[in-house]
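# Geometric and topological summary
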Protein chains: 2
Amino acid sequence: MRIAVDSMGGDRAPVVVVEGAVSALRETGDDLEVILVGREADVRSALGSAQDLSGRLRIVDAPDVVAMDEPPAATLRKKKQSSIAVGLRMQKEGAADGFISAGNTGAVAANAIFILGRIEGVSRPAIATFAPTRRGPCIILDVGANVENRPLHLLQFGVMGSCYAQVALRKREPRVGLLNVGEERSKGGDLLTEAYDLLEAAGLNFIGNVEGRDIFRGDVDVVVCDGFVGNVILKFTESVVDMFYAVMKEELTRNVRAKLGAAMLKPAFRKLRATFDYAEYGGAPLLGVDGACMICHGSSSAVAIKNAILATRRFIKYDVNSAIVERLGRHE
Amino acid sequence: MRIAVDSMGGDRAPVVVVEGAVSALRETGDDLEVILVGREADVRSALGSAQDLSGRLRIVDAPDVVAMDEPPAATLRKKKQSSIAVGLRMQKEGAADGFISAGNTGAVAANAIFILGRIEGVSRPAIATFAPTRRGPCIILDVGANVENRPLHLLQFGVMGSCYAQVALRKREPRVGLLNVGEERSKGGDLLTEAYDLLEAAGLNFIGNVEGRDIFRGDVDVVVCDGFVGNVILKFTESVVDMFYAVMKEELTRNVRAKLGAAMLKPAFRKLRATFDYAEYGGAPLLGVDGACMICHGSSSAVAIKNAILATRRFIKYDVNSAIVERLGRHE
């Protein structure tokens, strides 16, 4: 299995990305090959002495670099030799089986939809991310900032999310919920009431409307929402957790007593951080494209990159896309 | 100034509500009078020995009780003698100057709009709540679960939020931001781009689109969003904070070392809790109704009720509604 890795994407690329790729190779057997896509000189220098993996590690040059804040649509025309475009084209042409990037999310999504195309029956691809709950992670989609979703899109998000959760959460019948402002099926306006009806009739393990408390309590495996709401809450949740750490850090270094207490609690805090650090769970797939495209947070650590590579491998190995095609076919 | 308090609303009513009302009276001078509205026998028993405030404390009987999960619209027809309806009618008839409730939010909003009516120029009233930031609270509106907002509604939310922030945050020119999925003015679809144009032209201190990180960093005073998104993020933020405490509690009691560390950090944790406990900041006004109607969280403590009474007093004293009428008039 060959996974192309965007070596120029992410706040600390290429060093951290290359480091993550190397650890993924070290943790796996001969069945994994990584293709580092990026400016060859930069990638080679980041790779340093890790050349002993050369049999399973290749560098493919991509002279263009997409900035984190570049308008996605423009990159399609102007950056045809970016690490994003080159890596995705390799997959399209059969030279790679999957692609991961911690770069500009919008640009990765736009390029993936343009280059790989959508799989049969999918109207709109969606980004599915993990969120922490009291009982392990759940999946939320779409968080891709798409606006003006229709009920059919939300149905498809439910189907795609359910297929993905079977692999990513190892649940046989993932519980699918519709994010809303109340339990009653009449809540949320036309978009949501129509989506409710479609999801209910789709043969999924649909549990109805869900709210924040249901999610964090771990009562649902797949949370369906439109891409605007999903993106807003993703950023909100990240920010509130960051703020929590910031305030905590301030308080825990305020005086000697606090510093002593904090030192004693180091293991507890490490555990706390691990619960909320869902960037570490392994990237967010762009579901619905005809291929495997995993999107990582810009601030991904080497561990996050490694986990994303391993998650992409599972995504391909268990053929999530065929499951989606098969399930969507049933609803036609 | 006479404030009617829904003594039957809230998870621990009437005891906690009455306790909050009594402390509000003890903290203020003769200019405040509280009217406890509810089932007379229950209220009287909750009041216990605090009868010495009798000159400034009255009980008004309201035989009906609205349950926390009762459908709001039905309460308008079926619960005409509820503490909510009776308290609001007193205000409408001039027997009270404001009303607060920790009861069923939807029922309070529906009754307030029905009984008090909307103020001149407001198409849709909105609930404005506080959110914590690194630099003191900001205000988010609408969080009232209204769906299908139009650009004009968002403009009015911005105007109402700004007028309220002048009083509640004591800011002369509150910074108003539009919650969106990116900074660029083209983001978020037609609703948001049109709302952006209207807000920009409204003579407010409009700073453009904002996201989670801007909010928690304290870069904005008034965050405008539609009622669906606002309600979802409010519940999400509450839940993530609750989950944080729950995981922390688990970790901090895991062994003797953790318990010792936790004991040393008690003051730090108290400070942390205070930062996030925005229920304590004093309730969420329903802006745009022709009166003063403050909505509190169902789980409000006596301190939260007291703070809400004091916030309602400021709301009335500084005549937020006249400021809204005046400002909206300028845009016609």
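Located above this text is the structure these notes cover.
A brief report on the enclosed structure follows. All values reported here derive from a predicted model rather than from experimental measurement.

## Quick look at helix 10 (residues 256-264) of chain A
Residues of helix 10 of chain A that are buried: A:A258, A:G261 and A:A262. The arc enclosing the buried residues of helix 10 of chain A, seen along the axis, measures out at 100°, which places them on a common side. Among the exposed residues of helix 10 of chain A, those pointing more than 90 degrees away from its buried face are A:V256 and A:K259. Structurally, helix 10 of chain A contributes buried residues whose contacts are with helix 9 (227-252) and helix 11 (266-276) of chain A together with helix 10 (256-264) of chain B.

## Overview of the interface of chain A and chain B
Opposite the 55 residues of chain A that make contact, chain B presents 55 residues. Taking both sides of the interface into account, the surface hidden between chain A and chain B amounts to around 4,900 Å²; carbon and sulfur atoms contribute 78%. When the buried area of chain A at its contact with chain B is split by residue, A:F236, A:M243 and A:F244 rank highest and sum to 16% of it. On the surface where chain A and chain B come into contact, there are four salt bridges. Among the salt bridges present, the one from B:R134 reaches A:E250, with a minimum N-O distance of 2.5 Å. If you list the elements that add at least two residues to the side of chain A that touches chain B, you get helix 7 (189-200), helix 8 (212-216), helix 9, helix 10 and helix 11 of chain A. Among the elements that take part in the side of chain A that touches chain B, helix 9 of chain A stands out by supplying 20 residues, more than any other.

## Side note on the relation of the copies chain A and chain B
Mapping chain A onto chain B leaves a residual RMSD of 0.0 Å; the transformation is a rotation of 180° accompanied by 0.0 Å of translation along its axis. When the rotation and shift are considered jointly, the pair of chain copies conforms to a two-fold rotation axis. For chain A, the smallest separation between a C-alpha atom and the rotation axis is recorded for A:G261, amounting to 2.0 Å. With an isologous cut-off of 70% or more, the 100% of interface residues of chain A that recur at the interface of chain B puts this contact in the isologous class.

## Section: the environment of B:D69
Residue and element names in this part refer to chain B. Examined against the element boundaries, D69 turns out to sit in the loop between strand 3 (57-61) and helix 3 (72-78). The exposed category is assigned to D69, whose relative accessible area is 65%. Taking the C-alpha atoms as reference points, D69 and S301, 232 residues apart in sequence, are found 20 Å from one another.

## Quick notes on the pattern of salt bridges
All names here are of chain B. Under the criterion given, the structure shown has 36 salt bridges over all chains. The partner of R185 in a salt bridge is E200, with the nearest N and O atoms 3.0 Å apart. Taken together, the residues R185 in the loop between strand 7 (175-179) and helix 7 (189-200) and E200 in helix 7 connect sequence positions 15 residues apart. Between E251 and R254 there is a salt bridge, and its shortest N-O distance comes to 2.9 Å.

## Examining the sheet that holds strand 6 (residues 138-141) of chain B
Residue and element names in this part refer to chain B. Sheet architecture is open: 11 strands sit in the order 3-2-1-4-11-10-5-6-9-7-8, paired in mixed fashion. Each end of this open sheet is capped by a strand with a single partner; those strands are strand 3 and strand 8 (205-210). Direction aside, the axes of adjacent strands within the sheet are offset by 25° on average. The pairing of strand 6 with strand 9 (residues 222-224) spans three bridges and is classified as parallel. By the bridge assignment, I139 is partnered in strand 9 with V222. Across the sheet, helix 2 (residues 40-47) lies against strand 2 (33-38) and strand 3, angled at about 155° from strand 3, the strand it touches most.

## Digging into the packing of aromatic side chains
Evaluated as defined, the whole model comprises 11 aromatic pairs over all chains. Taking the centre distance of 5.1 Å and the plane angle of 80° together, the rings of A:Y196 and A:F206 count as edge-to-face. A residue pair is termed long-range when its members are at least 10 positions apart, and A:Y196 in helix 7 and A:F206 in strand 8 (residues 205-210) qualify at 10 residues. You'll find A:Y196 and A:F206 in the same group, each marked buried. Here B:F130 and B:Y164 contribute two aromatic rings whose centre-to-centre distance is 6.3 Å and whose plane-to-plane angle is 45°, an arrangement assigned as tilted.

## Points about the packing of helix 4 (residues 83-92) of chain A against helix 5 (residues 105-116) of chain A
Residues and elements named next belong to chain A. The N-to-C vectors of helix 4 and helix 5 enclose an angle of 30°; their axes lie 10 Å apart at closest approach. In terms of their interaxial angle, helix 4 and helix 5 are classed as roughly parallel. For the pair helix 4 and helix 5, the sense of crossing is right-handed. Seen from helix 4, the contacting residues are I84, A85, L88, R89, Q91 and K92; seen from helix 5, they are A107, V108, N111, A112, I115 and L116. Its residues assigned to classes, the contact of helix 4 with helix 5 comprises eight nonpolar, two polar and two charged.

The rules behind the values
Residues numbered from 1 in each chain as written. Chains lettered and ligands numbered in written order. Predicted model: local features only at pLDDT ≥ 70, side-chain atom pairs only at ≥ 80, totals over all residues. Heavy atoms only, no water. Buried < 20%, exposed > 50% of the residue type's maximum accessible area, 1.4 Å probe, protein only. Helix = DSSP H or I, 4+ residues; strand = E, 2+ residues; numbered from the N terminus. Arc of directions from axis to C-beta. Contact = heavy atoms within 4.5 Å. Buried area = accessible area lost by both parts, 1.4 Å probe. Salt bridge = Lys/Arg side-chain N within 4 Å of Asp/Glu carboxyl O. Least-squares fit on C-alpha atoms with pLDDT ≥ 70 in both. Pairing = 2+ DSSP bridges. Axes fitted to C-alpha atoms, helices over the stretch in contact; angles between N-to-C directions. Phe/Tyr/Trp six-rings, centres within 6.5 Å; stacked < 30°, edge-to-face > 60°. Parallel < 35°, antiparallel > 145°, perpendicular 65-115°, else oblique. Left-handed = near helix turned anticlockwise from the far one by under 90°. Nonpolar A, V, L, I, M, F, W, Y, C, P; charged D, E, K, R; others polar.

None of this, on its own, says anything about what the molecule does.
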